[in-house]
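Residue-level structure breakdown
These are the residues of each chain, in order.
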Amino acid sequence: MPNSVVTPAAGVVCVGLGPGDPELMSVKADRLVRGARHVAFFRKKGRPGKARQLVDGLLAPGTAEYPMEYPMTTEMPVDSPDYVAQLAAFYDDWCARLETLARTEQVVVLCEGDPFLYGSFMHLYTRLRERAAVRLEVVPGIPGMVGCWHATGEPITWGDDVLSVMTGTLPEDELVRRMQSAEALVVMKVGRNLPRIRRALERTGRLDAAWLVQNGTTAQQQVARLTEVEGDACPYFAIVLVHGQGRRPEAAW
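What counts and what doesn't
Residues numbered from 1 in each chain as written. Predicted model: local features only at pLDDT ≥ 70, side-chain atom pairs only at ≥ 80, totals over all residues. Heavy atoms only, no water. UniProt positions renumbered as here; feature names shortened; annotations may be inferred. Helix = DSSP H or I, 4+ residues; strand = E, 2+ residues; numbered from the N terminus. Expected span 1.5 Å × (residues − 1). Buried < 20%, exposed > 50% of the residue type's maximum accessible area, 1.4 Å probe, protein only. Arc of directions from axis to C-beta. Contact = heavy atoms within 4.5 Å. Pairing = 2+ DSSP bridges. Axes fitted to C-alpha atoms, helices over the stretch in contact; angles between N-to-C directions. Phe/Tyr/Trp six-rings, centres within 6.5 Å; stacked < 30°, edge-to-face > 60°. Salt bridge = Lys/Arg side-chain N within 4 Å of Asp/Glu carboxyl O.

Within an unreviewed UniProt entry, the label attached to the protein reads Precorrin-2 C(20)-methyltransferase, and the organism entered is Paracidovorax wautersii. Quoted straight from UniProt, the Pathway (unreviewed entry) entry for the protein says "Cofactor biosynthesis; adenosylcobalamin biosynthesis." The UniProt entry for the protein carries the following comment under Subunit (unreviewed entry): "Homodimer."

Structural data, given as structure tokens:
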């Protein structure tokens, strides 16, 4: 008998693609991406989209693509009413589009890192899960920060170290407060926020211990001490790290 073709169940499946290296994608994510007939992904206007770039060469010929383009191309204050209104309308619109398609087809939504860690898909997820007519699944991925701290070649935490994860979009005083309360630090969403992050690290006496990892785990990866990095801007998805120095057993030799 000829091999039967299994038709994917209709619904929305978001796959975490991991930190950047395609070989760090999970077996399940790889299978879903290669078998997809409809893929959606976030991007800024005029850009290819980070998640879409991660699956270059993996999509089957003829796969339908749905680029979900953000309504703004530069960062606005996160507490701006206009920012909130534009993003809410954007997510509402794409929720409706995906719901319509997912009633009869499986739509694979691509998400770099892990979808539930600062991922844009979370805003679609909370809307779609209220719609009982749509099957909804999320596939975990290795977070980008994990790939970045491995790139430094040093453990991020030791013993009882407390790890604090924060975003560079926070006000400087809030960054300082959070940096003072933890031994190990991860600062995400760096980009044009780099000068503020530097100042906060300097105010807490931690600048000399900080690392900047850009494009972690990819062919374009750059790893350096933050004090050795010139300029006030870097990729939005760059990550600043400060390793913990906590309790550890002494070497026996």
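Digging into helix α3 (residues 81-102)
The end-to-end C-alpha distance of α3, which contains 22 residues, comes to 31 Å, matching closely the 32 Å that a straight helix rising 1.5 Å per residue would cover. Within the sequence span of α3, burial applies to Y83, L87, F90, Y91, W94, C95, L98, E99, L101 and A102. What you see down the axis of α3 is that its buried residues fit within an arc of 160°, all on one side. In this fold, the buried residues of α3 make contact with β1 (11-16), β2 (38-43), β3 (64-69), β4 (106-111) and α4 (121-128).

Notes on the sheet that holds β1
Reading across the sheet, the five strands line up as β3-β2-β4-β1-β5 and stay open at both edges, with parallel pairing between neighbours. In the strand order of this sheet, the two ends are held by β3 and β5 (136-139), each with one partner. Recorded for the sheet is a direction-independent mean angle of 20° between the axes of neighbouring strands. Two strands pair when backbone bridges link them, and β1 and β4 are joined in this way by six bridges, in the parallel orientation. If you follow G16 over to β4, its bridge partner there is C111. Packing against the sheet, helix α1 (residues 27-35) makes contact with β1, β4 and β5, and its axis sits at approximately 130° to β1.

Some words on the packing of aromatic side chains
Summed over the entire model, instances satisfying the criterion amount to seven aromatic pairs. Ring geometry for Y70 and F90: centres 5.5 Å apart, planes at 40°, overall tilted. Linking Y70 in the loop between β3 and α3 with F90 in helix α3, this pair joins segments that are 20 residues apart in sequence. Like Y70, the residue F90 is buried in the burial classification. Each member of the aromatic cluster is reached from another via a ring pair, and the members are F42, Y70, F90 and Y91.

Remarks on the pattern of salt bridges
Per the stated rule, a full pass over the model turns up 16 salt bridges. Here D92 ties to R127 by a salt bridge, and the two come within 2.6 Å at their closest N and O atoms. Of this pair, D92 sits in helix α3 while R127 is found in helix α4, placing the two residues 35 residues apart along the sequence. The salt bridge partner of E130 is R129, with a shortest N-O separation of 3.8 Å. Residues joined by salt bridges that share partners form a network here, namely E172, D173, R199 and R203.

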